[in-house]
Amino acid sequence: MKKNGFTLRLLAGAVLVSCLASTHALAADTAAPMSPLMKQLNNGNWLPQQEAQSLSDDLYYQDAVHAYIQTLPLLNTIGLRDGSEAAFGKGYNVLPIWKERMDSRAVVPTPNGDVIYSMSYLDLKETGPLVVKAPANVIGMFTDFFQKTITDVGAIGPDQARGGLYLLLPPDYEGPIPQGYYVFKSSTYNVFLFFRTIMGKGDGKPDPAPAVKNAETTRIYPL
């Protein structure tokens, strides 16, 4: 079974802590054989109970910090979803579109003020495969809830700014795949739809109306 670096580090650390924590009991038995690994630790001497416990506490602390960093993008997306659903409702058929440019009052990380945003939170576990009709000239993407990109949409996506039909499949999907779609299987059931549409020049300042109108042509429906 393939394990990521964090899992391997955690397992290795657990083995080390287990070895160190058991040294106090083994020290009482001077006839107990010592493994090659233990001979490399502390010059072959058993660590005192207090030092072994301190090392164990430090390992768990470092793993907790690492877990926090790893899950921060996930918690960020969940927070965005929960806030959106509380304000606008829940479901694949709900696509909040900003009608004006974002500013510092928006509770959204790193928003840009020169595009119009559309954001939706899809649950493929609940709906099964979903089709998303993306407008032309979108600067966007689909990501999982860890904010890892499933695919770009728009100029650097497969539609090349022409728009088109994207088919998002759940990770366990084994059914038929029809033709005529840009098909992507998500590694997670939850998918974050993140679209940006470009504003018009306007009269002396950008005009959000064309970007809003373009975003409103987005369609999302089950396969």
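Residues numbered from 1 in each chain as written. Predicted model: local features only at pLDDT ≥ 70, side-chain atom pairs only at ≥ 80, totals over all residues. Heavy atoms only, no water.

1. A look at helix 4 (residues 49-88)
Then step 1. When the terminal C-alpha atoms of helix 4 are compared, their 56 Å separation across 40 residues agrees well with the 58 Å that a helix rising 1.5 Å per residue should span.
Then step 2. Helix geometry: helix 4 is bent most strongly at Thr 71, by close to 45 degrees, with proline Pro 73 lying one to four residues after it.
Then step 3. Buried residues of helix 4: Ala 52, Ser 56, Leu 59, Asp 63, Leu 74, Thr 77, Leu 80 and Ser 84, and no others.
Then step 4. Positive backbone phi, approximately 105 degrees, marks Gly 89, located one or two places after helix 4. (Helix = DSSP H or I, 4+ residues; strand = E, 2+ residues; numbered from the N terminus. Expected span 1.5 Å × (residues − 1). Bend = angle between axes of the 7 residues up to and from the residue. Buried < 20%, exposed > 50% of the residue type's maximum accessible area, 1.4 Å probe, protein only.)

2. Notes on the confidence of the model for the protein chain
Then step 1. Of all residues in the protein chain, 85% have pLDDT values of 70 or greater, and the mean over the chain is 84.
Then step 2. Here residues 23-28 is modelled with pLDDT under 50, and outside its nearest four sequence neighbours on either side it reaches 6 contacts, counting other chains as well. (pLDDT = per-residue confidence, 0-100. Contact = heavy atoms within 4.5 Å.)

3. Details of the sheet that holds strand 2 (residues 130-134)
Then step 1. Spatial ordering of the open sheet is given by 6-5-2-8, a layout of 4 strands whose pairing is mixed. Here the strands that pair on one side only, and so sit at the sheet edges, are strand 6 (182-185) and strand 8 (219-222). Neighbour-to-neighbour, the strand axes of the sheet open up by a mean angle of 20 degrees, direction not taken into account.
Then step 2. Here strand 5 (residues 164-169) runs beside strand 6; their pairing, made up of 4 bridges, is parallel. In the strand pairing of strand 6, Leu 169 is matched with Lys 185. (Pairing = 2+ DSSP bridges. Axes fitted to C-alpha atoms, helices over the stretch in contact; angles between N-to-C directions.)

4. A few points about the side chain of Thr 218
Then step 1. For Thr 218, the location among the structural elements is in the loop between helix 6 (209-215) and strand 8.
Then step 2. Engagement of the side chain of Thr 218 in a polar contact is seen with the backbone oxygen of Ala 215, the distance being 2.8 Å.
Then step 3. Leave out the neighbours within four places in its chain, and Thr 218 touches Leu 95, Val 132, Lys 133, Pro 135 and Phe 195. (Polar contact = N/O pair within 3.5 Å; in protein donor to acceptor, adjacent residues only side chain to side chain.)

5. Side note on the side chain of Ser 84
Then step 1. Topologically, Ser 84 is positioned in helix 4.
Then step 2. For Ser 84, a relative accessible area of 10% gives the class buried.
Then step 3. Apart from the residues lying within four places of it in its own chain, the contact partners of Ser 84 are Gly 89, Pro 96 and Tyr 121.

6. Some thoughts on the sheet that holds strand 1 (residues 115-123)
Then step 1. With antiparallel pairing, the 4 strands of this open sheet are ordered in space as 1-7-3-4. If you trace the sheet from one side to the other, it starts and ends with strand 1 and strand 4 (149-154), each paired once. When strand polarity is set aside, the average angle formed by the axes of neighbouring strands in this sheet is 15 degrees.
Then step 2. Taken together, the 9 bridges between strand 1 and strand 7 (residues 190-198) define a ladder with antiparallel strand orientation. In the strand pairing of strand 7, Ile 116 is matched with Thr 197.

7. Here's the deal with the packing of aromatic side chains
Then step 1. Applying the stated criterion to the full structure yields 7 aromatic pairs.
Then step 2. Members of the aromatic cluster, connected to one another through ring pairs, are Phe 142, Tyr 166, Tyr 182, Phe 184 and Phe 195. (Phe/Tyr/Trp six-rings, centres within 6.5 Å; stacked < 30°, edge-to-face > 60°.)

8. Here's the deal with the pattern of salt bridges
Then step 1. As enumerated under the stated definition, the model contains 2 salt bridges in all.
Then step 2. Between Arg 81 and Asp 82 there is a salt bridge; the shortest N-O distance is 3.1 Å.
Then step 3. Take Arg 81: its relative accessible area is 22%, and that puts it in the partly exposed class.
Then step 4. Looking at Asp 82, the relative accessible area reads 38%, which means it is partly exposed.
Then step 5. Lys 99 is the partner of Glu 216 in a salt bridge, and the nearest nitrogen-oxygen pair spans 3.8 Å. Taken together, the positions of Glu 216 in the loop between helix 6 and strand 8 and Lys 99 in the loop between helix 4 and strand 1 put the pair 117 residues apart, joining distant regions of the chain.
Then step 6. Judged by its relative accessible area of 39%, Glu 216 is partly exposed. (Salt bridge = Lys/Arg side-chain N within 4 Å of Asp/Glu carboxyl O.)

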